[in-house]
Amino acid sequence: MRLAILGGGGFRVPLVYGALLGDRAEGGVTEVVLHDLDADRLHAVTRVLAEQARSAAPGAAPAVRATTDLDEALRGADFVFSAIRVGGLQGRADDERVALAEGVLGQETVGAGGIAYGLRTVPVAVGIARRVARLAPGAWVINFTNPAGLVTEAMSRHLGDRVIGICDSPVGLGRRIARVLGADPGRVWIDYAGLNHLGWVRALRVDGRDELPRLLADPVLLGSFEEGRLFGADWLRALGAIPNEYLHYYYFNRETVHAYQRAERTRGAFLRDQQAGFYEEMRDPNTPALEAWQRTRAEREATYMAENRETAGAGEREADDLSGGYEKVALALMRAIARDERTTLILNVRNRGTLSALDAEAVVEVPCLVDANGAHPVAADPLPGHATGLVCAVKAVEREVLAAAESGSRARAVTAFALHPLVDSVNVARRLVEGYTRVHPGLAYLA
């Protein structure tokens, strides 16, 4: 079985390859094709994978091939992982800087930064979807590219249900809740619903019994995991649910914006400089590639959402939360489809009536039953009013982004910014579009 990884020179690719090394069942991936526009990045990541492969049993490591030719990467692929970053980390840093100058959030998936990233990424992702449909019509596309829900919806208009978006945030949240309740994460049912980076755990059932009320009633338990410290026990009890960590940007927006404005560097600028250092280090053929990658990744994970944790007084991340997770979701999804190993995963898929407030084609993030025929969303109770309002507002913004990307309309881009709950002014929206089109050549299509 052949797996093509688009954005194969990206920093997280070794996580995926490491997961594949542990999957020795018959019918697994035998070849990985890495695609990236940057040959130097491809060479660096290929070196890391080669060192990882040395720890595998003889013949167990998938062969690795790298190419800068997208069509070559796609031909013959059974699965395509899309993990591209249009504009690179410099683009992310620019997204943050332009937004913060206007006093609004520039995070890469939330608020103004997420819209700017989406406007750059959607045209490229649509081009990839069309090429997959032409060159590998039988392939399944697993989308890692942020903003994951928006990009998955854009690609689904050309690939239908054969594109599925994944994210590790809901999995990590469910794992943390199960851990503090003393439950086996593999045996719980997580009632989670919303959009990517905008969802809530509404129940966590162990042998059919909802254990979430026990958690919400116990301040000690609530203070023992990241979301409890991030949001505070009183707010979680008021919601009657545990929000995805990214909702901190909504519920504590002013505090977060101030923290980002005070920071020495934004998250994007930090990652840009950190990863530039890694790739520069990899120019030396004597550098231990895997060791350099592991050291850089450890620093990256430890500093994740540092400003949010500082604002909330949440402290450092738990050691159990530094191990990654999205690669495990990807592998479980791929195995379920390729081998009909039926499982349940929280995924980004077309709604198909799952959330009654949204239309059938809207991509949502919900539990899905996965088998050889793909991912099937499980029927869900309606979201409470406060969650429905936020989900509908953000989905309306996503639809304006898709319309702007399809039509090239600057006016639709302004509308997308102006409608977002975290952008509070049409005039700010207009200045954001002006600022982003100045720094991003890829937005020159907006007229």
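Residues numbered from 1 in each chain as written. Predicted model: local features only at pLDDT ≥ 70, side-chain atom pairs only at ≥ 80, totals over all residues. Heavy atoms only, no water.

### Focus: the overall build of the chain
Argument step 1. Regarding its fold elements, the chain presents 20 helices and 13 strands.
Argument step 2. For 447 residues, the compact-globule estimate of 2.2 N^0.38 gives 22 Å, and the C-alpha radius of gyration of the chain, at 21 Å, lies within 12% of that figure.
Argument step 3. Taking all 447 residues of the chain together, the buried fraction comes to 58%.
Argument step 4. Pairs at least 24 apart in sequence give 70% of the contacts found in the chain among residues at least 6 apart.
Argument step 5. Summing over all exposed atoms, the chain offers an accessible surface of approximately 17600 Å²; the carbon and sulfur share of this is 50%.
Argument step 6. Taking the average place of the 51 positive charges on the side chains of the chain and the average place of its 57 negative ones, the gap between the two points comes to 2 Å. (Helix = DSSP H or I, 4+ residues; strand = E, 2+ residues; numbered from the N terminus. Rg over C-alpha atoms; globule rule 2.2 N^0.38 Å. Buried < 20%, exposed > 50% of the residue type's maximum accessible area, 1.4 Å probe, protein only. Contact = heavy atoms within 4.5 Å. Areas by Shrake-Rupley, 256 points an atom, 1.4 Å probe, with all protein chains shown as cover. Lys, Arg positive; Asp, Glu negative; His and termini not counted. Charge placed at Lys NZ, Arg CZ, Asp CG, Glu CD.)

### Examining the packing of aromatic side chains
Argument step 1. Overall, the coordinates contain ten aromatic pairs when judged by the stated rule.
Argument step 2. Consider the rings of phenylalanine 278 and tyrosine 279, whose centres lie 5.0 Å apart with planes at 70°: the pair is edge-to-face.
Argument step 3. According to the relative accessible area criterion, phenylalanine 278 is buried, its value standing at 2%.
Argument step 4. In this structure an aromatic cluster arises from ring pairing among Phe11, Phe278, Tyr279 and Trp293.
Argument step 5. Geometry around tryptophan 140 places arginine 162 over its ring, the cationic atom sitting 4.2 Å from the centre. (Phe/Tyr/Trp six-rings, centres within 6.5 Å; stacked < 30°, edge-to-face > 60°. Lys NZ or Arg CZ within 6 Å of the ring centre and 35° of its normal.)

### Quick word on the pattern of salt bridges
Argument step 1. This structure, assessed with the given rule, holds 36 salt bridges.
Argument step 2. A salt bridge links glutamate 153 to lysine 395, with the nearest nitrogen and oxygen atoms 2.7 Å apart. With glutamate 153 in helix H6 (residues 148-159) and lysine 395 in helix H18 (residues 385-407), this residue pair connects regions lying 242 residues apart in the sequence.
Argument step 3. Several salt bridges share partner residues, and in doing so they unite Glu153, Arg157, Asp359, Lys395, Glu398 and Arg399 into one network. (Salt bridge = Lys/Arg side-chain N within 4 Å of Asp/Glu carboxyl O.)

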